[in-house]
2 protein chains.
Amino acid sequence: MYTIGQISEMFHLPISTLRYYDKEGLFPDMERVSGIRKFSEKEIEALRAIECLKKSGLEIKDIKQFMEWCGKGSETYSQRRDLFLKQKEIIESEIQRMNQALDMIKFKCWYYEQAMKDGNEDRLHSMKPEDMPEEIRQAYKNTHK
Amino acid sequence: MYTIGQISEMFHLPISTLRYYDKEGLFPDMERVSGIRKFSEKEIEALRAIECLKKSGLEIKDIKQFMEWCGKGSETYSQRRDLFLKQKEIIESEIQRMNQALDMIKFKCWYYEQAMKDGNEDRLHSMKPEDMPEEIRQAYKNTHK
DNA sequence: TATTGACCTGAAGTTAGGTTTAGATATTAT
DNA sequence: ATAATATCTAAACCTAACTTCAGGTCAATA
């Protein structure tokens, strides 16, 4: 049995965050002794899961839902799988968006590198995609389709 | 010269968003006729830039800064490049994080697919990484290093 | 002239995931 | 017994990028 301060050190999480998770229902039936929280192995397990699910981009309410399903056993496997399938779609499309953004930024970096060399943007303004270096042309193309 | 309603339709942006951008200083010296905003080519250009920079993940205040630098001409090329270089770092590390999250999620999807087939998690619990399919083992490994 | 519709403002509300604050209670050390 | 430290709660605050609201103005139509 651990106090909130001990858990805070163990997980490098602020005490306020642990209390917030508790308030959000992420530690159902956590024990209390004269009002003070007692974290057991069960809550430590929950915290490990929380850390993992947060990294997967799940929101607190989804994590809570997931934990509730876990408590219900094998009847909820398909709901849990569906949650992750949905999250997979979300993350995949975010990655796609980010890669487009990255191409746009790479183009901008190159653009200002050239502008700095030339001292002006004249050459850049009269430049067509086919005059650009292959890599930059690709990046430019990806952001304009 | 366009009204805020016309621009709202042109860019598929709510009127409230356009007023918000204006309040944040993204349309410096926009004309007004008896209090009513008049969007000219200059503001339309600005909006096109805003859309692009937002896709690059820049915050409003960065966009404002960028636009101010643009107004100052060639002396600010290096600041502008630095802004994008910094943003490049940010986006690249976000993409890395997302890819790790994706691997974690792929593992979870596979895990619950197996649990559904088996009707329980017994086989999964006694499974070692080397018993997993190559792709899943890779994903699992990536999220645990 | 009256009314409708588009526009204006400042202020407050929204969301998520916390953090901070104030004041109370509990535990531990001297 | 007292002082210091740790914990508790509810409520307010935080950020970013908007959105909504209440109340007022402006311009064109009936």
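Note that the coordinates shown come from a computational prediction; the quantities given were computed from them, not determined experimentally.

Caption draft 1: How the structure looks around the environment of Met10 of chain B. Relative to the helices and strands, Met10 of chain B is located in helix α1 (residues 4-11). Beyond its immediate stretch of four places on either side in the chain, Met10 of chain B contacts Tyr2 and Ile44 of chain B.

Caption draft 2: Expanded view of the packing of aromatic side chains. Counting across every chain of the model gives 20 aromatic pairs over all chains. Ring geometry for Phe27 of chain B against Phe39 of chain B: centres 5.6 Å apart, planes inclined by 75 degrees, an arrangement best described as edge-to-face. A residue pair is termed long-range when its members are at least 10 positions apart, and Phe27 of chain B in the loop between α2 (15-23) and β1 (31-33) and Phe39 of chain B in the loop between β2 (36-38) and α3 (41-55) qualify at 12 residues. There is no split in this pair, since Phe27 of chain B and Phe39 of chain B are both buried. Between Phe107 of chain B and Tyr111 of chain B, the aromatic rings sit 6.2 Å apart at their centres with planes inclined by 50 degrees, giving tilted as the arrangement. Taken together, the residues Phe107 of chain B and Tyr111 of chain B, both in helix α5 (residues 77-118) and 4 residues apart, mark about one turn of the helix. Among the aromatic residues, ring-to-ring pairing joins Phe66, Tyr77 and Phe84 of chain A together with Phe107, Trp110, Tyr111, Tyr112 and Tyr140 of chain B into one connected group.

Caption draft 3: Region of interest: the protein's contact with DNA strand C. In the vicinity of DNA strand C, 19 residues are found, and the nearest of them are Thr17 and Lys54 of chain A together with Arg19, Arg32 and Arg37 of chain B. For DNA strand C, the fraction of protein-proximal atoms (within 4 Å) that sit in sugar or phosphate groups is 78%. Gly5 of chain B is positioned with one of its backbone polar atoms (N or O) 3.1 Å from a phosphate oxygen of DNA strand C. One nitrogen or oxygen atom from the side chain of Arg32 of chain B is found 2.7 Å from a phosphate oxygen belonging to DNA strand C. Mapped by element, the contributors of at least two residues to the surface near DNA strand C are α2 (15-23) of chain A together with α1, α2 and β2 of chain B. Sorting elements by how many residues they give to the surface near DNA strand C places α2 of chain A first, with 4 residues. Residue classes in the surface near DNA strand C are distributed as 8 nonpolar, 6 polar and 5 charged.

Caption draft 4: Spotlight on the protein's contact with DNA strand D. The local shell around DNA strand D holds 18 residues, among which Arg19, Arg32 and Arg37 of chain A together with Thr17 and Lys54 of chain B are the closest. Contact distances for DNA strand D include 2.7 Å between a phosphate oxygen and a side-chain N or O atom of Arg37 of chain A. The side chain of Ser34 of chain B places a nitrogen or oxygen atom 3.1 Å from a phosphate oxygen of DNA strand D. The biggest single contributor to the surface near DNA strand D is α2 of chain B, with 4 residues. Looking at the surface near DNA strand D residue by residue, the class counts come to 7 nonpolar, 6 polar and 5 charged.

Caption draft 5: Spatial organisation of α2 of chain A. Residue and element names in this part refer to chain A. Along α2, the positions that sit buried rather than exposed are Thr17, Leu18, Tyr21 and Asp22. One side of α2 holds all its buried residues, which, seen down the axis, span an arc of 140 degrees. The exposed set on the far side of α2, more than 90 degrees from its buried face, consists of Ser16 and Lys23. Where α2 is buried, its residues contact α1 (4-11), β1 (31-33), β2 (36-38), α3 (41-55) and α4 (60-71). With its phi angle positive at about 85 degrees, Gly25 sits one or two positions after the end of α2.

Caption draft 6: A look at the interface of chain B and chain A. Between chain B and chain A, the residue contacts involve 35 residues of the former and 35 residues of the latter. Summing both partners gives a buried area of about 3300 Å² for chain B against chain A, and 77% of it is carried by carbon and sulfur. The largest share of the area that chain B buries against chain A comes from Tyr77, Met98 and Tyr112 of chain B, three residues that together contribute 21% of it. At the boundary of chain B and chain A, one finds 2 salt bridges. The partner of Arg81 of chain B in a salt bridge is Glu113 of chain A, and the shortest N-O contact between them spans 3.1 Å. Elements with a contribution of two residues or more to the side of chain B that touches chain A: α3, α4 (60-71) and α5 of chain B. Tallying contributions element by element places α5 of chain B first for the side of chain B that touches chain A, with 25 residues. Residue composition of the side of chain B that touches chain A, grouped by class: 18 nonpolar, 7 polar and 10 charged.

How each quantity is defined
- Residues numbered from 1 in each chain as written.
- Chains lettered and ligands numbered in written order.
- Predicted model: local features only at pLDDT ≥ 70, side-chain atom pairs only at ≥ 80, totals over all residues.
- Heavy atoms only, no water.
- Helix = DSSP H or I, 4+ residues; strand = E, 2+ residues; numbered from the N terminus.
- Contact = heavy atoms within 4.5 Å.
- Phe/Tyr/Trp six-rings, centres within 6.5 Å; stacked < 30°, edge-to-face > 60°.
- Buried < 20%, exposed > 50% of the residue type's maximum accessible area, 1.4 Å probe, protein only.
- Near = heavy atom within 4 Å.
- Polar contact = N/O pair within 3.5 Å; in protein donor to acceptor, adjacent residues only side chain to side chain.
- Nonpolar A, V, L, I, M, F, W, Y, C, P; charged D, E, K, R; others polar.
- Arc of directions from axis to C-beta.
- Buried area = accessible area lost by both parts, 1.4 Å probe.
- Salt bridge = Lys/Arg side-chain N within 4 Å of Asp/Glu carboxyl O.

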